[in-house]
Every structure is written in C-alpha cells, then in structure tokens.
Amino acid sequence: MTTTDRTVPSSEPVSPPVQEPIDVPVDGDSVPPVPSAAPVSSPTAVTERDARKVAEAARETEWHKPSFGKELFLGRLRLDLIDPWPQPDPAYEAKGQVFLEKLAEFCRTSIDNAVIERDAHIPDEVITGLAGLGAFGMKIDEAYGGLGLSNLDYCRALMLVGSANASVSAMLSAHQSIGVPQPLKLFGTKEQKEKFLPRLAAGEISAFLLTEPDEGSDPARLTTSAVPDDNGDYVLNGVKLWATNGTVASLLVVMARVPKSDGHRGGITAFVVESDTEGITVERRNGFLGLRGLENSVTRFHNVRVPKQNVIGAEGQGLKIALTTLNTGRLSLPANCVGAAKWCLNVAREWASARVQWGRPVGQHEAVAQKIAFIAATTYGLESMLDLCCLLADDDRNDIRIEAALIKLFGSEKAWLLADELIQIRGGRGYETAESLRARGERPLPVEQLLRDLRINRIFEGSTEIMHLLIAREAVDQHLAVAGDIIDPEAKLGRKAKAGARAGAFYARWLPTLAVGGGQVPGGYGGYGPLAKHIRFVERSARKLARSTFYGMSRWQAKLEKKQTFLGRIVDIGAELYAIACAVVYAQTLKTDDPANAAQYEELADLFCTQARRRVDRLLHDLWFNDDAENYDAAMRVLDGRYRAFEADLVDPAGA
Ligand SMILES: Cc1cc2nc3c(=O)[nH]c(=O)nc-3n(C[C@H](O)[C@H](O)[C@H](O)COP(=O)(O)OP(=O)(O)OC[C@H]3O[C@@H](n4cnc5c(N)ncnc54)[C@H](O)[C@@H]3O)c2cc1C
C-alpha cells in the first residue's frame, strides 16, 4: 500500500486528519529485510574525515548574538545574560494560558494512556480533537492559521500532553519541531509558507526523513538521491528509516543528496514532499521498546518527482537547515523529560510515604531517601534549565544553540536515571505493567512504561555521544579559530605562522583572566544570599574548565577530537555548571513571583546545586585521572574477538 491511499490529497479542502487502519506490516510481521537505497556513492567509501567535513559544513559558524554557554566554556560567567530572568511577553502569555487550559482538559478527558499502550495506536478521536484545538499549529504563525505560541507555552503544552501519553507528545513534537512547520518558518519562501502552513496548522501531519538504514549519526553516508531533471525538478530515489509520523503524515521533509553538475552546486538538500506523490511507499510501521503509539515508518522513494519550488532554502543547505531548526526544536524533548521528572517526584513521594517495610515508610530508609532527594533536586534543576532556555529563545536576544543542546543532553540522561530510581523505589510494582496492576486491583501506575518511553531520548535528535561531540566542537571553537591552523596537519607553513601570531595575541590576553575571578572573593555574588556560594563555585569551576580545555588542546592538539571521553566530561561539566547557574537565578525569580513559597525554592535550588557540585568535582578529577586509555585498548581487544570464549554456551534469542 502506498501513502496515496491514506493521505489528504493536496487539492482537496483540508479537514482534520483521520487515521485509517494501517495495513503496512508492523513489528512482528515477517517481511524481507530493508535493503539500502541504490547508492549515489558507496557508503563504505565514506571515511571518518569525510564524516567530519560534512558535520563541519553543517555547523552554523557565525555568532551574532551573545551566548551564555559559549562564554561559560571560555571561563567567563556572564550572569548578566541570564539575570534578570527573561520575562514572558504578556500578549503571548495570555493566549498561551487560554490554550493550555483547553489542552489540559482535553488531556484529562480524551487521552487514555492505557488504551494507546494496549492498542499501540493513537485513536483517531485524539488526533481530530487535538487538530480541533489547534495543537498541530502551536508553532505556526497566526497569519498562516496557527496559534503562534511562544516556545515556553509550546514546551508546556508538550509536557502536558506527554504526561497523558508520551507517544502523542512525540507525534506533536516530530510534526512541529523537526517536521515541515519549523524549517519552513525559518527558511521557507512566502509561497511555500502560504501553500503548506495552513494545511499543517489545520491538522495535517508532517514528518522529518533523514535517517537511512546505513546512515544514522553520520549524514556523510546519506544515499537517497535527488537528481535534477530537464525541467529543473528533482527525482528522488532511496529508503528512509524510522520516520516518526511517517505512516500517517501527508507532508514530509526529506533530506536527499543532489549530485553536483552544471548549474547545481549539489549536496544534501531539504525538500517538502507530498506523501501521496507517485512512487512513495510506506513499507513498514516499526515497533519499539517504548512509545508504542508512535507511527514510525520505513518509507521508500522510487522515481519520486518533486517540483523545484519544494526545495527548502538552497541546494546543499539541508543539514544546516536541520541543525538550525533543532536550535529551538531540541527544546521539545527536554520538555517531556521535565514532565517525566515531575511525575517521578509525585509517585516517589506518595509511594515512599505509604509503603511500610521494616517498621517504617520505605522513604525513611536512608538508601531510598537518597533517591528521593536526587529526584526532587534534579526535577527542580531541569525545570530551571528548560524555563530559561525557552524564555531566552522567545526574547531572541541570545544565541541559545549551546544551551538548548546542553539541556537536551542533560535532560535525557537525567530523566532516564530518575525513572530508573523510581522503579527501584516502587520495587516489584515498578517493574509490573499498569495493566497487570489494574487487574490485581492496584493503582495502575505506568512506571515501567515511563522508563521504556524515556529511553529513546538518549538516542534520537542527536544521541548522547553525538551531542557530546557537537557541544565540544562549540566549546573549543574559539581555540580552533585562533590556533586551528597550528594543529591542522594540512595547513601550510604560512598559515601556521599567521595562526601562531593570532594565538599568541589571544592567549596573552585570555589566559591571565583564568587565574583569578569573583568566585575567589569571599562574600562575592552576595546578592544571591545563601545561594551565592554556588555561583562562586560556578565562576571558579568555569575558569578551571576553560584551563582544562586549553591544556587538553595543548597536550593532544589535533588528536583532541579523538579524545571523546575527555571531551564528553568537558561538556558534562559545562552542563552541570549551566544548570547550577540556572537553578540559583531561577530561585531568585520564583521568590519574587511567589514570595509565600520562597523558602522551598531556595531549599530545592540549594539541594540541586550541592548534588551538581559533587558531580562537577568528580568530573574535573576524572579529566586527568582515569582509565580511558586502558579501557579503549580493552575494547579494541574485545572487537578483535580475543575474549570470544566468554560468549559461548548460550542460546541466541535472535535465532541462528
Ligand atoms: C523511535 C525512533 C524515532 C526516530 N525518529 C526519527 C525521525 O523522525 N526522523 C529521522 O530522520 N530519524 C529518526 N530516528 C532515527 C534516529 O535519529 C537515529 O536512530 C539516531 O540518529 C542514531 O542513529 P543510528 O540508530 O543509526 O545509530 P548509529 O549512528 O549507528 O550509532 C550507533 C551508536 O554509535 C554511536 N556513535 C555513532 N557515531 C559516533 C561517533 N562519531 N562518535 C561516538 N559515538 C558514535 C551512537 O551514539 C550510538 O550509540 C528515530 C529513531 C527511533 C529509534
């Protein structure tokens, strides 16, 4: 069956989408394995250097606005960029509030998590109901029929929906954060916006298709081709894997490679594609560990004609568009993590107070109490990071690409830990499904589902490993700008000499600033009251972080890019420091907004900062005292098969 049978033809009036039963094979059905697309160039020919080149070309290199995160990695605590806490625009706030109230009511009355989990399907009424509320147009401007919400309210909406069911939230997020609306908003022509955005705002669903069977984290391996024809239009061929909403979407953003030719600069290019175009086949609906309601496809393109008017931006700009889209698009994923964290806190508190073992509520046993404190502190920390990032994105004065990437990384890693600790606190009931609990007459808390649903956040929209590399690249950007040619083996002598002079001038000014600062002044940052000590810690540690980055650069030079564990720790330290700064300034803001609860906010901020500081100290220590090299060598021996004997005497659950 092709998507033609299921989607709204573009010439018909737009009506809310109704999902018809999907007869594509689903997980468990026996189908032939998905072969790779006919390659434009053999993926095996792609080297590590090619991969880096493609990633580098996709980077936004310019910094037009100030960035708290970038300054932090350079050892400069620019509190003035986040304090005073940005305030929401009252006009946006009012319309956001009205929408959120309606949405909350809808989530309470019309989204049944148990049904979606049981049927692995989001009911049509949920989709039409959400479309009726305008939820598919939350990020689309009012001029095109959308709600034009702020980033803050969009994230609040996703958090709300995610608390009802994570698959529904993932559907809305894939549609708006990476699907057609956001890239068109940023890069689309007037004609494209007028043609597509009203349909999407009214409830047609969109999807984003980048990944392929041979290409996940490495876009240099992308093989889906878009070959220009005689009219200047394009013919697409290839297979796209794991497209969220791909089985139900009527509009797709497709990343395909245009070969270089006369009049065509070529390169990976983004297209808007009508999913009912001849030659598009949804071959499978994929099934996963969690997010059981996700409509995720394998989609094949066979000689699919796409008009040249459907190119987003320009040829060769596809990855840059995807990355820029993700600057704010990345906020939706941590929004779900914050929602999950709040639910963990709620369940942990109720259960650990009620469940008595060994003469006390389990929460009063120290081992469990530690987990509760971790959940409470981290929930507060995550909310402060998200709130700040959304507000910074909304007031548009700062560059938030590092901060958004940091919270994606931090949020997905921490939310996973919280869910794991919650399962432990719930004991056997944490591992039991909600359906089974209900059948036994107990409260059907879907804790194991939470863990399953959250796990993907560490993989998609940039896996943790890739986020580490991406953020580390920005963290060392200033160093590469001044000294990159010195360590570049391909740079000619003249370039090296120039870079030497540039670097000499920069480091002569910069290095002395890392020796002392306000964090060493007793009583510094006194305006933050009892939390001032944490800000002093951030200031001192940021300078230490910058010095460590510089030492790493000097010691390993060009080889630094291969020191992924070192770079990962640098980034994790930056994330913790950013989180501490957010937590403290957020407490000041909340105290003003809600003076009656001021003490509680201060306590939570203090708790979070205390825990985060211990993690920072450990990470700073591990930068230089670790077993990274030994572990790497051991892993190479594993890959060589040296320890294969230890894998013997098992039955292979995947079959021979
Ligand atoms: C439920 C789900 C929904 C998805 N939705 C979409 C979607 O809507 N659209 C879309 O285009 N894609 C989607 N994806 C694909 C997703 O973005 C990819 O799974 C992700 O990019 C990772 O790619 P991969 O799975 O091929 O892993 P690989 O790239 O094969 O990576 C395997 C492992 O190696 C690590 N790794 C890879 N390269 C490096 C490196 N250079 N250094 C260090 N570590 C590295 C990775 O972090 C990972 O741990 C989805 C996937 C899933 C499972």
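Residues numbered from 1 in each chain as written. Predicted model: local features only at pLDDT ≥ 70, side-chain atom pairs only at ≥ 80, totals over all residues.

**Here we look at the overall build of the protein**
For clarity, the cut-off: The helix count covers DSSP runs of H or I at least four residues long, the strand count covers runs of E at least two residues long, and both are numbered beginning at the N terminus. All radius of gyration figures rest on C-alpha atoms, and the globule criterion is 2.2 Å times the number of residues raised to 0.38. In this scheme the burial state of a residue depends on its C-beta neighbours within 10 Å: 20 or more other such atoms mean buried, 12 or fewer mean exposed, and anything in between means partly exposed; the C-beta positions come from the backbone. With C-beta atoms placed from the backbone, a contact is any residue pair whose C-beta atoms sit within 7 Å.
For the protein, the count of helices and strands is 23 helices and 10 strands. Taking 26 Å as the expected radius of gyration for a compact globule of 656 residues, we find that the protein reaches 25 Å, a close match to that expectation. The principal-axis extents of the C-alpha atoms in the protein amount to approximately 75 × 70 × 65 Å. Within the protein, the proportion of its 656 residues that are buried is 47%. Relative to all contacts within the protein whose residues are 6 or more apart in sequence, the contacts with residues 24 or more apart total 76%.

**Focus: the nonpolar core**
What counts here: Note on definitions: a nonpolar core is a set of buried residues drawn from Ala, Val, Leu, Ile, Met, Phe, Trp, Tyr and Cys, linked by C-beta atoms within 7 Å.
Counting residues in hydrophobic clusters, the biggest one holds 175 residues, and the most contacted among them are F271, C389, A583, V584 and A605. No other element matches helix α21 (residues 564-593), which puts 18 residues into this core. What C389 contacts, discounting residues up to four positions off in sequence, is L331, I400, E403, A404 and I407.

**Digging into helix α16 (residues 447-455)**
Taken across its nine residues, α16 has seven buried, putting it largely inside the fold. Residues of α16 that are buried in the fold lie against α4 (113-119), α7 (166-178), α11 (332-354), α13 (401-426), α14 (428-431) and α15 (434-439).

**Observations regarding unusual backbone geometry**
Negative phi characterises most residues that are not glycine, and trans characterises most peptide bonds. The step from D83 to P84 runs through a cis peptide bond, and the omega angle for that step is 5°. Positive phi is not limited to glycine here, since W358 has a value of about 55°. Positionally, W358 belongs in the loop between β9 (356-357) and β10 (360-361). With 7 C-beta atoms counted inside 10 Å, the residue W358 sits in the exposed group. Its identity as a non-glycine residue notwithstanding, Y525 has a phi of 55°, on the positive side. Here Y525 lies in the loop between α19 (493-513) and α20 (532-556). With 20 C-beta atoms counted inside 10 Å, the residue Y525 sits in the buried group.

**Thoughts on the site of the ligand**
What counts here: Each residue receives a C-beta atom built from its backbone; the residue is near a molecule or strand if that atom lies within 6 Å of it. Each residue gets one of three labels, nonpolar for Ala, Val, Leu, Ile, Met, Phe, Trp, Tyr, Cys and Pro, charged for Asp, Glu, Lys and Arg, and polar for the others, Gly among them. For every domain, the bounds stem from an assignment made automatically or drawn from a database.
Taken together, 22 residues form the shell around the ligand, and within it L210, G216, S217, T244 and S463 come nearest. For the shell around the ligand, a count of residues per class yields 14 nonpolar, seven polar and one charged. Domain assignment of the residues forming the shell around the ligand places at least three in each of domain 1 (3-29 + 208-324) and domain 3 (326-471).

**Some remarks on the confidence of the model for the protein**
Rule in force here: For every residue, the predictor assigns a confidence score, pLDDT, that lies between 0 and 100.
For the protein, the average pLDDT comes to 90, and 93% of its residues sit at 70 or higher. Ignoring residues within four places in sequence, the model shows residues 30-42, a span with pLDDT below 50, making 23 contacts including any to other chains.

**Here we look at the environment of E125**
For E125, the location among the structural elements is in helix α5 (residues 124-133). Overall, the presence of 12 C-beta atoms within 10 Å leaves E125 in the exposed class. Distance from E125 to V46, taken between C-alpha atoms, is 46 Å for residues 79 residues apart in sequence.

**Things to note about the pairing of strand β4 (residues 251-258)**
Side chains on a regular strand alternate between the two faces of the sheet. To keep it simple, the criterion reads: Paired strands, as defined in this entry, are two strands with at least two bridges between them according to DSSP.
Counting buried residues along β4, eight of its eight residues qualify, which places the element largely inside the surrounding structure. Residues L251, V253, M255 and R257 line one face of β4 and the alternating positions L252, V254, A256 and V258 line the opposite face, and both faces are buried. The pairing of strand β1 (residues 206-209) with β4 spans four bridges and is classified as parallel. The residue bridging F208 from the neighbouring strand is V253, located in β4. Relative to strand β5 (residues 267-274), β4 runs antiparallel, the two being bridged by eight bridges. When the sheet's bridge partners are listed, V253 is paired in β5 with V272.

**Quick look at the domain arrangement of the protein**
Split into domains, the protein comes out as domain 1 (3-29 + 208-324), domain 2 (79-205), domain 3 (326-471) and domain 4 (478-632). When each unit is reduced to the centre of its C-alpha atoms, the spacing between domain 1 and domain 3 is 32 Å. Taken together, the contacts link eight residues of domain 1 with nine residues of domain 3. Within the side of domain 1 that touches domain 3, the residues separate by chemical class into five nonpolar, three polar and no charged.

**Description of the environment of D233**
The topology assignment puts D233 in the loop between β2 (225-228) and β3 (234-244). Once residues lying within four places of it in the same chain are set aside, the contact partners of D233 are R305, V306, P307 and K308.

**Description of the packing of α11 against α13**
The condition is simple: Axis definition: a line fit to C-alpha positions, over the contact stretch in the case of helices; interaxial angles, taken between N-to-C directions, run 0 to 180 degrees. For this classification, under 35 degrees means roughly parallel, over 145 means roughly antiparallel, 65 to 115 means roughly perpendicular, and everything else is oblique. Handedness of a crossing follows from how the near helix is turned relative to the far one, being left-handed for an anticlockwise turn of less than a right angle and right-handed for a clockwise one.
Running from N to C, α11 and α13 point in directions that differ by 20°, and their axes come no closer than 9 Å. Between α11 and α13, the crossing angle belongs to the class labelled roughly parallel. Where α11 crosses over α13, the handedness of that crossing is left-handed. Taken together, the residues of α13 that come into contact with α11 (itself represented by L333, P334, C337, V338, A340, A341, C344, V347, A348, W351 and A352) are I407, K408, G411, S412, A415, L418, A419, L422, I425 and R426. Residues belonging to the contact of α11 with α13 are distributed by class as follows: 17 nonpolar, two polar and two charged.

**A few points about the packing of helix α12 (residues 366-395) against α13**
In the contact formed by α12 and α13, the axes pass within 10 Å of each other and the chain directions differ by 155°. It follows that α12 is roughly antiparallel to α13 by the angle criterion. Like other packed secondary-structure pairs, α12 and α13 cross with a definite hand, here left-handed. Here V368, K371, F374, I375, T378, L382, M385, L386, C389 and L392 of α12 come into contact with α13, specifically with E403, A404, I407, F410, G411, K414, L418, E421, L422, Q424 and I425. Class assignment for the residues of the contact of α12 with α13 results in 14 nonpolar, three polar and four charged.

**A short note on the environment of Q557**
Along the polypeptide, Q557 turns up in the loop between α20 and α21. Here Q557 falls in the partly exposed class, since 14 other C-beta atoms lie within 10 Å of it. Between the alpha carbons of Q557 and I486 there is a distance of 8.7 Å; along the sequence they are 71 residues apart.

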